[in-house]
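Below are the chains, spelled out letter by letter.
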Amino acid sequence: MGELIWFFPKTVEEVKDIITSREGVVPHGGGTGLLRGDIKRYRGLLDLGKLGLSYITEHNGFVEIGAMTTYGDVVRYFKKKDSKSVLYRSLVDSATTPLKNRITVGGSIAYFPPWSDIMGSLFILSAEVFLTGEREGWFKILDYVSNRGLYRKTVILKIRYNKDKDTGYSAHYRAVRTRVDHPAFTITLLVDIKDKRVDDASIYVVGTKDKFKKLTAVEKEIIGKKASEIDTEALNVDNVEFYGKPQFTSEYQKALFEIEVKRKLREVLESVK
Amino acid sequence: MRGVFIINGQRKEIEFAPHKRLLDVLRENGYTEVKEGCREGECGACVVLLDGKPVNSCQVLAASVMEKEIITVRGLGTIHKPHPIEEAFVEAGAVQCGFCTPGMIISTYALLKENPDPEDDDIKRALDGNLCRCTGYVKITKAVKLASKKVKKDGK
Ligand SMILES: Cc1cc2nc3c(=O)[nH]c(=O)nc-3n(C[C@H](O)[C@H](O)[C@H](O)COP(=O)(O)OP(=O)(O)OC[C@H]3O[C@@H](n4cnc5c(N)ncnc54)[C@H](O)[C@@H]3O)c2cc1C
Ligand code: FES
Ligand code: FES
């Protein structure tokens, strides 16, 4: 195999040209996921560092985040702007401080490991990814993660979500042994309250056998009810299966999951004034 | 491949293999103060400042940071002219074997730049990527607090 070639495009046109025309060339975001494997198996790496993709803006009711924005950038931004944001809650305790300065939003969506702290919040926010390459334009994040055709020979340039989606009470649970552990799974939830009633709810668990699952049974059971009257202990939690992981067995994860969904939901509902 | 790195304020042109990690490029070029622990992003022994922010140099492909500013612990102070953070670590007894210390100092430097008066919780968070097998962290936390006072006094 020949020597690994690096590409440093300065325009989106160059990115598109390289990703569509060269075999064995993959995007390079922060490199933390790529380095888990054998980097030499690639023919080339397409570095996205010279395209100005590290930014967060808010316009026309949308929050837009460049693909090269790091977890650290997101945490610093929302700590000042809106520490109730579900993205902030999901990322503030993820990985470690130096890793957060390297892990990119775009790379984390494309990589989507079972321990991902970001994906639950992006599902809840109905985020969209903007792609270039063999497919171009805005795509729903749920389509991106379930359709290999959107992943192959494409590059995520940015993501966006409607700000109105991020107005409720949110929480994020990480199944870890110590805070800096990889989570075995995560639970992310956002509950909208109107007149002390649950107006809407969105709950995702990431790291399951099916990679992730929306907890529709729990959502249905609480929507429309008065927050103070919901007995979280009595909720029928959706059936979710886990693979055994180095840190926890599948049975343990299942038990932990059921306890923690109820606990996080109770915390959120109790915080409703 | 060849590339320029700005290491501790000096432009260095370095020949390196395209798959190399920043950690290896630094150590192979004399910056052995950057320590290699786990190579997996878990221990923080290899932490350097990259454009002012702490990163695990074992998790960075060197080619992706050409022309960027890298600061190792040697860029902060020397044995004859130590940085106040380094003095604080020694005075607080926060150094035993010393293997984690370069990474700890870099993370402390980044913390104090952003937050000159950190509380215990801020310190825990900022140093969450730096493991120490010797001290038990109590003295490290004390050292960071002492460093905060010293840095404010020295204006560094
Ligand atoms: C020790 C350690 C602990 C971690 N802990 C956590 C944790 O607790 N929670 C968490 O959420 N994450 C955690 N991570 C991060 C996670 O495991 C991945 O490494 C990370 O999300 C990948 O992001 P990256 O920017 O480094 O991507 P890269 O390594 O650059 O890329 C990963 C994959 O995505 C592709 N890619 C990169 N950018 C793009 C793009 N813009 N468009 C399309 N494809 C792209 C690459 O080709 C590659 O296939 C941890 C990582 C490490 C090393
Ligand atoms: S050697 Fe880099 S984090 Fe351990
Ligand atoms: S002093 Fe030995 S590892 Fe920290």
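Keep in mind it's a predicted model, so treat the numbers as computed, not measured. (Residues numbered from 1 in each chain as written. Chains lettered and ligands numbered in written order. Predicted model: local features only at pLDDT ≥ 70, side-chain atom pairs only at ≥ 80, totals over all residues. Heavy atoms only, no water.)

> Which residues make up the interface of chain A and chain B, and what values do they have?
Taken together, the contacts link 27 residues of chain A with 25 residues of chain B. Summing the contributions of chain A and of chain B, the shared interface buries around 2200 Å²; its carbon and sulfur component is 58%. Of all residues in chain A, the largest losses of buried area upon contact with chain B belong to A:Leu35, A:Pro98 and A:Arg102, amounting jointly to 28% of the total for that side. One salt bridge in this structure joins A:Asp93 and B:Arg125, with 2.9 Å as the shortest N-O distance. (Contact = heavy atoms within 4.5 Å. Buried area = accessible area lost by both parts, 1.4 Å probe. Salt bridge = Lys/Arg side-chain N within 4 Å of Asp/Glu carboxyl O.)

> Tell me about the sheet that holds strand β2 (residues 25-28) of chain A, and please be specific about residues and values.
Residue and element names in this part refer to chain A. Ordered in space as β1-β3-β2, the 3 strands form an open sheet in which the pairing is parallel. Looking at the sheet topology across the chains shown, the edges are occupied by β1 (5-7) and β2. On average, adjacent strands in this sheet sit at an angle of 25° to one another, irrespective of strand direction. Note that β1 and strand β3 (residues 44-47) share 3 bridges and pair parallel. Residue pairing in the sheet places Trp6 in a bridge with Leu45 of β3. (Pairing = 2+ DSSP bridges. Helix = DSSP H or I, 4+ residues; strand = E, 2+ residues; numbered from the N terminus. Axes fitted to C-alpha atoms, helices over the stretch in contact; angles between N-to-C directions.)

> Lay out the nonpolar core in plain terms, naming residues and giving numbers.
One finds A:Leu87, A:Ile109, A:Met119, A:Leu122 and A:Val129 to be the most contacted residues of the largest nonpolar core, which totals 39 residues. When neighbours within four sequence positions are excluded, A:Ile109 is seen to be in contact with A:Met119, A:Leu122, A:Val129, A:Ile141, A:Tyr144, A:Ile156 and A:Ile159. (Core = buried A, V, L, I, M, F, W, Y, C linked by side-chain atoms within 4.5 Å. Buried < 20%, exposed > 50% of the residue type's maximum accessible area, 1.4 Å probe, protein only.)

> Explain the site of ligand 1 residue by residue, including any values.
All names here are of chain A. Neighbouring ligand 1 are 34 residues; Pro27, Gly29, Thr32, Thr104 and Asp117 lie closest to it. With respect to ligand 1, the side chain of Trp115 contributes an N or O atom lying 2.8 Å from an oxygen atom. One of the backbone nitrogen or oxygen atoms of Ile156 is found 2.8 Å away from a nitrogen atom of ligand 1. Protein coverage of the free-state accessible area of ligand 1, which is 970 Å², stands at 96%. Counting only elements with at least two residues in the shell around ligand 1, the list comes to β2, α5 (105-111) and β8 (154-162). Looking at the shell around ligand 1, the element that brings in the most residues is α5, giving 4 residues. (Near = heavy atom within 4 Å. Polar contact = N/O pair within 3.5 Å; in protein donor to acceptor, adjacent residues only side chain to side chain. Areas by Shrake-Rupley, 256 points an atom, 1.4 Å probe, with all protein chains shown as cover.)

None of the figures reported here should be taken as evidence of function without further support.
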